[in-house]
Amino acid sequence: MKLNIRPLTLNLWPALEDLFGENGACNGCWCMYWRIGRKYGKRPRERNKSELREIVKRGPPPGLLAFHEDLSVGWCQLTRRDALPWLDRAWRLRRVDDVPVWSISCFYIRKGYRKQGVTSALIAAALKIAKSAGAPALEAYPLDADLTNSSSWTGYASTFARAGFRIVGRRTPSRPIMRRDLMGSFNHTS
């Protein structure tokens, strides 16, 4: 399947709305969880939606959309880790060092397009964009499918490993912190 992956800008907002649907992808989150924590679930979905739209409006793009022909089929949130303060509030995902990484914090793939390489294509595009923006590394917080049968909005460790990410931290068995060096500027081991 040929995919076209583009940064989410305001002119693509209708495509994100179509992809996320009325429920806002994962239970009305609108990719706000890592920004505001559990508060996203205690307020109207429309507020999460409008806050993400404001983030898109202000720029830079907070993520990537994958298109198959004219249909949006996948999303990944891609931003500087500093824009996602709840990552540091989750003890298992706290920073492993002071490298100013960028993060892929979540995915949403349209039903009917899952397990067809959309996530891998989004990761490949995220690597290129983060590198061109000067990010020293790209980090992810996937589940290890060998250790849990949970579904994952954050991707799976095996997918990231195939893209060259390595584990740099693991505070809980099923949720590694994975990273891909983009500059050759650090040599973190765990």
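Predicted, not measured: the structure shown is a model, and the values here were computed from it. Residue numbers restart at each chain and count upward from 1, following the sequence in its written direction. Only residues with pLDDT of 70 or above have their local features reported here, since the model is predicted, and side-chain atom pairs are shown and tallied only from 80 upward, although totals for entire chains, interfaces and linings are computed over all residues. Excluded from the side-chain calculation are hydrogens and water; included are all heavy atoms of the structure.

(A) Molecular detail of the pairing of strand 4 (residues 102–109). Buried residues are those whose accessible area, probed at 1.4 Å on protein chains only, stays under 20% of the maximum for their type, while exposed residues exceed 50% and partly exposed ones sit between those limits. Only DSSP runs of H or I reaching four residues or more are called helices, and only runs of E reaching two or more are called strands; each is numbered from the N terminus. Among the 8 residues in strand 4, 8 count as buried, and that is most of the element. The pairing of strand 3 (residues 71–80) with strand 4 spans 7 bridges and is antiparallel. Looking at the pairing, Leu78 lines up with Ile104 of strand 4. Call a crossover right-handed when, viewed with both strands pointing away from you, the route from the first strand across the helix to the second goes clockwise. A crossover connection joins strand 4 to the parallel strand 5 (residues 137–140) through helix 5 (residues 118–132); in handedness this β-α-β unit is right-handed. At least two bridges found by DSSP between two strands are what make those strands a pair.

(B) Representation of the state of the cysteines in the model. Any two cysteine sulfur atoms within 2.5 Å of one another count as a disulfide. For the structure on display, the rule yields 0 disulfides. No disulfide involves Cys26; its nearest neighbouring cysteine sulfur is the one of Cys29, lying 6.0 Å away.

(C) Looking closely at the pairing of strand 2 (residues 63–68). Most of strand 2 sits out of view: 5 of its 6 residues are buried. Taken together, the 4 bridges between strand 1 (residues 4–7) and strand 2 define a ladder with antiparallel strand orientation. The residue of strand 2 that forms the bridge with Pro7 is Leu64. Alignment of strand 2 against strand 3, held across 6 bridges, turns out to be antiparallel. Across the sheet, the residue bridging to Ala66 is Gly74, located in strand 3. Once strand 2 ends, the chain turns through 2 residues before running back antiparallel as strand 3, passing Glu69 with a positive phi of about 60°.

(D) Region of interest: helix 1 (residues 13–20). Every buried residue of helix 1 is listed here: Trp13, Ala15, Leu16, Leu19 and Phe20. The buried residues of helix 1 occupy one face: seen down the axis, they fall within an arc of 155°. On its buried face, helix 1 sits against helix 3 (45–58), strand 2, strand 3 and strand 4. Looking one or two places after helix 1, you find Gly21, whose phi comes out positive at around 70°. Each direction from the helix axis to a C-beta atom contributes to the arc, which is the arc of those directions. It only takes one pair of heavy atoms within 4.5 Å for two residues to be counted as in contact.

(E) Focus on helix 3. Here the expected length of a helix is defined as 1.5 Å per residue gap, with one fewer gap than residues. Between its first and last C-alpha, helix 3 extends 20 Å over 14 residues, near the 20 Å set by a 1.5 Å rise per residue. For helix 3, the full list of buried residues reads Asn48, Lys49, Leu52, Ile55 and Val56. Summarising the axial view, the buried residues of helix 3 lie within an arc of 120°, below the 170-degree limit, and thus occupy one face. Seen from the buried face of helix 3, the exposed residues on the opposite side, beyond 90 degrees, are Glu46, Lys57 and Arg58. In this fold, the buried residues of helix 3 make contact with helix 1 and helix 2 (33–36). Looking one or two places after helix 3, you find Gly59, whose phi comes out positive at around 75°.

(F) The environment of Gly112, seen in detail. Its location among the elements puts Gly112 in the loop between strand 4 and helix 5. Residues Gly112 and Ala66 lie 46 residues apart in sequence; the distance between their C-alpha atoms is 14 Å.

(G) Representation of the nonpolar core within the structure. Ile104, Val118, Leu122, Ile123, Leu138, Phe160 and Phe165 are the most contacted members of the largest nonpolar core, which has 27 residues in total. Listing elements by their share of this core, those giving two or more residues are strand 2, strand 3, strand 4, helix 5, strand 5 and helix 6 (157–162). In terms of residues, this core owes the most to one element, helix 5, which gives 7 residues. If sequence neighbours within four positions are ignored, Leu122 has contacts with Ile5, Leu64, Leu65, Ala66, Gly74, Trp75, Cys76, Phe107 and Ile109. Note on terminology: a nonpolar core comprises buried Ala, Val, Leu, Ile, Met, Phe, Trp, Tyr and Cys residues joined through side-chain atoms within 4.5 Å. If you look at the next biggest cluster of nonpolar residues, it comprises 22 residues, including Leu12, Leu19, Tyr40 and Cys106.

(H) Molecular detail of the sheet that holds strand 5. A sheet is described by the order of its strands in space; here 7 strands give the open sequence 1-2-3-4-5-7-6, paired in mixed fashion. Lying at the two open borders of the sheet, with one neighbouring strand each, are strand 1 and strand 6 (166–170). On average, adjacent strands in this sheet sit at an angle of 30° to one another, irrespective of strand direction. As paired elements, strand 4 and strand 5 share 3 bridges and run parallel to each other. The residue bridging Trp102 from the neighbouring strand is Leu138, located in strand 5. All axes here are fitted lines through C-alpha atoms, helices being fitted over the stretch that makes contact, and every angle between N-to-C directions spans 0 to 180 degrees. Sheet strands in contact with helix 1 are strand 2, strand 3 and strand 4, and its direction is about 105° off that of strand 3.

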